[in-house]
Amino acid sequence: MRKVLPFLVVGFLIVIALIGSLIYSSDTAIYECSGVMTVPNNSSGPTTLFAEITQYRWWAFWNPLNGLLRLEIQSARIPTVADDPLAVRWFKTGPNSVRPAPFFPGLRFGPPSSPNEREDLFGIERVESYLVLYRWPKAGETADLTEAGQGQFSTISNSLKFKLSNEAIFNGNCKPENN
């Protein structure tokens, strides 16, 4: 029994460390962003949106991204895109490196009224004090993390600029919500 007890204690500590690293592997903050939504030759006036930014900790090495950005525009409208929710998606992380996109509930469970839609969200790559935003790939697509993203969030000034669609660009400042 005395020879087995140290192995049980070490095994227990390893299991606790693994569970803790999974539970505390991300940090989430919600921001209220005020700015302007611009389409070519037209500015739509003041726009308010909410951004939920989840940043993964350094030990979350199993994920090809540094985080996720989810959006909610003004009247609780979550942008969606037509897509196959069960399809495989990829992220290009280097010249010869492609990794599968991680599971995310917003991708799998679209609105009941449109099961072939999914939440439109962005993957995050951290570059110094900026979070570079990459649109989540559609079914069978590969998002190239080695190229310029579709937007950025400054962790210093809390400013957000991104392309919501091919035409619409949001540019504004964000303030953290009281969580």
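In this report, the structure presented in the accompanying data block is examined. All figures in this text were calculated on a predicted structure; none of them were measured in a lab.

1. So, a nonpolar patch on the surface
On the surface, Val4, Leu5, Leu8, Val9, Phe12, Leu13 and Ile16 cluster together to form a nonpolar patch covering roughly 660 Å² of accessible area. Note on placement: Leu5 falls in helix 1 (residues 5-23). According to the relative accessible area criterion, Leu5 is partly exposed, its value standing at 46%.

2. Regarding the pattern of salt bridges
Inspection of the entire model under this criterion finds one salt bridge. For the salt bridge of Glu52 with Arg70, the shortest nitrogen-to-oxygen distance reads 3.5 Å. In this pair, Glu52 is assigned in strand 2 (residues 42-56) and Arg70 in strand 3 (residues 67-73), connecting sequence segments 18 residues apart. Judged by its relative accessible area of 25%, Glu52 is partly exposed.

3. Structural notes on the pairing of strand 5 (residues 90-94)
Here four bridges tie strand 5 to strand 6 (residues 97-100), and the two strands are oriented antiparallel to one another. The residue of strand 6 that forms the bridge with Gly94 is Ser97. Hairpin connection, strand 5 to strand 6: the antiparallel pair is bridged by two residues. Sheet topology note: the strand 5/strand 10 (residues 142-144) ladder contains three bridges and is parallel. What sits directly across from Trp90, in strand 10, is Thr142.

4. Topic: the layout of surface pockets
Volume-wise, the largest pocket comes out at about 330 Å³. Lining the largest pocket are 18 residues, and of these Arg135, Trp136, Pro137, Glu141 and Gln150 sit closest to its centre. For the lining of the largest pocket, the secondary-structure elements that each account for two or more residues are strand 9 (130-135) and strand 10. No other element matches the three residues that strand 10 contributes to the lining of the largest pocket. Taken together, the residues that form the lining of the largest pocket break down as seven nonpolar, four polar and seven charged.

5. Considering the nonpolar core
The biggest cluster of nonpolar side chains holds 20 residues, and the ones touching the most others in it are Cys33, Leu49, Leu69, Leu71, Leu160 and Phe162. Those elements giving two or more residues to this core turn out to be strand 1 (26-39), strand 2, strand 3, strand 8 (121-127), strand 9, strand 12 (159-163) and strand 13 (169-176). Counting residues in each nonpolar core, the second largest holds ten residues, with Leu121, Tyr134, Trp136 and Leu145 among its members.

6. Notes on the pairing of strand 9
Pairing of strand 8 with strand 9, which is carried by six bridges, proceeds in the antiparallel orientation. By the bridge assignment for strand 9, Val127 is matched with Tyr130. If you look at the hairpin formed by strand 8 and strand 9, you'll find two residues sitting between the two strands, and Glu128 has a positive phi there, around 55 degrees. Summarising the sheet, strand 9 and strand 11 (residues 151-154) pair through four bridges and their orientation is antiparallel. When the sheet's bridge partners are listed, Leu133 is paired in strand 11 with Gly151.

7. A short note on unusual backbone geometry
Phi is positive for Glu128, which is not a glycine, with a value near 55 degrees. Tracing the backbone shows Glu128 in the loop between strand 8 and strand 9. Within the chain, Asn158 stands out as a residue other than glycine whose phi angle is a positive 60 degrees. Among the secondary structure elements, Asn158 is positioned in the loop between strand 11 and strand 12.

8. So, the sheet that holds strand 5
With mixed pairing, the three strands of this open sheet are ordered in space as 6-5-10. Every other strand in the sheet has two partners, leaving strand 6 and strand 10 as the edge strands with one partner each. Neighbouring strand axes in the sheet, compared pairwise and without regard to direction, differ in orientation by 35 degrees on average.

The rules we used
- Residues numbered from 1 in each chain as written.
- Predicted model: local features only at pLDDT ≥ 70, side-chain atom pairs only at ≥ 80, totals over all residues.
- Heavy atoms only, no water.
- Patch = residues over 30% accessible without salt bridge, like charges linked within 9 Å, V, L, I, M, F, W, Y side chains within 5 Å.
- Areas by Shrake-Rupley, 256 points an atom, 1.4 Å probe, with all protein chains shown as cover.
- Salt bridge = Lys/Arg side-chain N within 4 Å of Asp/Glu carboxyl O.
- Helix = DSSP H or I, 4+ residues; strand = E, 2+ residues; numbered from the N terminus.
- Buried < 20%, exposed > 50% of the residue type's maximum accessible area, 1.4 Å probe, protein only.
- Pairing = 2+ DSSP bridges.
- 1 Å grid on protein atoms, 1.4 Å probe; cavity = no way out; pocket = protein on both sides within 12 Å on 5 of 7 lines; lining within 4 Å.
- Points joined across faces, edges and corners; volume = space filled by probe spheres on them.
- Nonpolar A, V, L, I, M, F, W, Y, C, P; charged D, E, K, R; others polar.
- Core = buried A, V, L, I, M, F, W, Y, C linked by side-chain atoms within 4.5 Å.
- Axes fitted to C-alpha atoms, helices over the stretch in contact; angles between N-to-C directions.

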